[in-house]
Amino acid sequence: MDGNESGDLEEPDELFQTVDETGGDDIFANRELLNIDHVPDENRIVGRDKHITELANEVGPAVTGSPPNSVILYGKTGSGKSLVANHVMERAWNEADRRGKRLATVTVDCAQAKGEADTIQTIAESINTPSSGVKVPTRGISTNEYYNRLWNILNQEYDAALITLDEVDRLGDDNVLMLLSRAREAGKVDVPIGIISISNKVNFREQMTERVKSSLGHNETIFDPYDGEQLREILENRKDAFHDGVLNPGVIPKTAALAAQRHGDARKAIRLLRHAGDYAKNNNIGEVTEDHLELAQEQAEVERLKELIAGLPPHSKYILYALANLTNNAEDNVWFRTTVIYDIYKKVCNVEGTDTLTTDTIRGLLSELAFLEVTESNQEHGGMGKGTYKEHRLLWEPNVVFKMDPDPAHVDIDQ
């Protein structure tokens, strides 16, 4: 027998003395409520009753095994699109089960998926069951074979399917949308499939082919940013994440006000409140005050930036380091030409010990960063005989960029 042979209780390890018997601590009673991916109960969802009803009306036929409509949800980050989609899918699954129907529901984060094959593999693996007899390996088979196995799982195990493609604009093309939306029409499956596409870009539909537009129909919903009062209510509905008396009275109003200034992003508000709690916990303070919000804000921004660029190649981060170095050293102008950024990018690559990519590839990565609103780009005209060129600027504080890694690449601009 390891440890204490007599069975007597040993002295607690002081390293974990702040963890109580429920797995919580002195600050948090239920930290899960402040996780970005947490789907709250209906009574905790604020200001989205109309959107929930509209989406349920579109996809509702799936609970009876009938063909649902496909829908595109638009809106800025943190406006409740994913929350509403996941909430409606969860309730649809429960209602279908009550009616004796087998409804497949799955959400794919397209920002994390590595292309078409990975997206379909994720869908197939998520809805697969032991009784299907179908294997879905993480690699080693073709994209076409992943589709075939998905069709087999759907035909054998389900009466209908609802598939949410979050940040669908990150897929690069609309092959996934086309093949999923036309699968039944093409005779691949007998099961009706509804697709909930979520995009931060209101012009996303313009990028689709006409065939996909036709398949998806014209069902679109716009999510406006939350206002300050809605953000306050959202946070009030999650304050039981903390123990009674831990949150000072002004913390939630100030958190809501800070988030309202930044485009009404509920994710940022929840993340900021969580980091303020973490600061109090890690420093053994015992309460969360308004001052902690200022201290936690930068870490919350770092986490959000990491989340935004998570699906991009490493050289996108090196470009951001180049821009952060340039911005840090700029006195006035914070717009930089592609060629200037490329010169500093080469220095960053040297520090990181990696080979550089071509100028054209870097232009493409800069376009992706602008698409994600991490940077901003402008086309400039050099005047008579000088042609046009692009300038770029960083939309995040350089310190936030540098804090993404414990050892970021600082370079000498003047060398």
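Residues numbered from 1 in each chain as written. Predicted model: local features only at pLDDT ≥ 70, side-chain atom pairs only at ≥ 80, totals over all residues. Heavy atoms only, no water.

## Section: the domain arrangement of the protein chain
Where we set the bar: Reported domain spans reflect what an automatic or database domain assignment gives. Here the buried area means the combined drop in accessible surface, using a 1.4 Å probe, for two parts upon being joined, counting both sides. By definition, a salt bridge exists where a carboxyl oxygen of Asp or Glu is found within 4 Å of a side-chain nitrogen of Lys or Arg. N or O atoms closer than or at 3.5 Å make up a polar contact, with two conditions inside protein: a donor-capable atom paired with an acceptor-capable one, and, for residues adjacent in sequence, both atoms drawn from side chains. Gly is placed with the polar residues, together with every amino acid not listed as nonpolar (Ala, Val, Leu, Ile, Met, Phe, Trp, Tyr, Cys and Pro) or charged (Asp, Glu, Lys and Arg).
Along its sequence, the protein chain is carved into domain 1 (48–223), domain 2 (226–308) and domain 3 (311–402). Its C-alpha centre places domain 1 at a distance of 32 Å from the equivalent point of domain 2. When the area that domain 1 buries against domain 2 is broken down by residue, the three leading residues are Arg48, Thr77 and Gly78, summing to 57%. The interface formed by domain 1 and domain 2 holds zero salt bridges in total. Viewed at the interface, domain 2 and domain 1 are joined by three residue pairs in polar contact (both at pLDDT 80 or more). Classifying every residue of the side of domain 1 that touches domain 2 gives no nonpolar, six polar and two charged.

## So, the environment of Leu272
Here is the rule we go by: For helices the rule is a DSSP run of H or I covering at least 4 residues; for strands it is a run of E covering at least 2, with both sets numbered from the N terminus onward. Accessibility here uses a 1.4 Å probe with only protein chains present; expressed as a share of the type maximum, an area under 20% marks a residue as buried, one over 50% as exposed, and anything in between as partly exposed. Here, residues are in contact when the closest pair of their heavy atoms is within 4.5 Å.
Examined against the element boundaries, Leu272 turns out to sit in helix α9 (residues 266–282). Note on Leu272: relative accessible area 5%, which makes it buried. For the pair Leu272 and Asn94, spaced 178 residues apart in sequence, the C-alpha separation works out to 33 Å. Those residues in contact with Leu272 that lie beyond four places of it in its chain are Thr255, Leu258, Leu293, Ala296, Gln297 and Ala300.

## Structural notes on the sheet that holds strand β4 (residues 193–199)
Threshold: Here a strand pair is declared whenever DSSP counts at least two bridges between the two strands. Each axis is a line fitted through C-alpha atoms, taken for helices only over the stretch in contact, and angles between the N-to-C directions span 0 to 180 degrees.
The strand order across the open sheet built from five strands is β2-β3-β4-β1-β5, with neighbouring strands paired in parallel fashion. Each having just a single partner strand, β2 (103–109) and β5 (220–223) make up the two edges of the open sheet. Each adjacent strand pair in this sheet contributes to an overall mean axis angle of 15°, direction not counted. Bridge count for β2 against strand β3 (residues 160–166) is seven bridges, and the pairing is parallel. Paired with Asp109 across the strands is Asp166, a residue of β3.

## Some remarks on the UniProt feature "binding site: ATP" (unreviewed entry) in the protein chain
Let me state the cut-off plainly: UniProt positions are given in the numbering used here, feature names are shortened, and annotations may be inferred rather than shown by experiment.
UniProt annotation of "binding site: ATP" (unreviewed entry) refers to Ser79, Gly80, Lys81, Ser82, Leu83, Tyr226 and Arg238 when read in the numbering used here. By the element assignment, Gly80 lies in the loop between β1 (71–75) and α2 (81–98). Given the relative accessible area of 12%, Gly80 is considered buried. Contact partners of Gly80, with chain neighbours within four places excluded, come to Phe223 and Tyr226. For Arg238, the position within the fold is in the loop between α7 (228–236) and α8 (251–261). Residues contacting Arg238, with those up to four places away along its chain left out, are Leu33, Leu34, Asn35, His38, Pro40, Arg44 and Ile270. There is a polar contact of 2.9 Å between the side chain of Arg238 and the backbone oxygen of Leu33.

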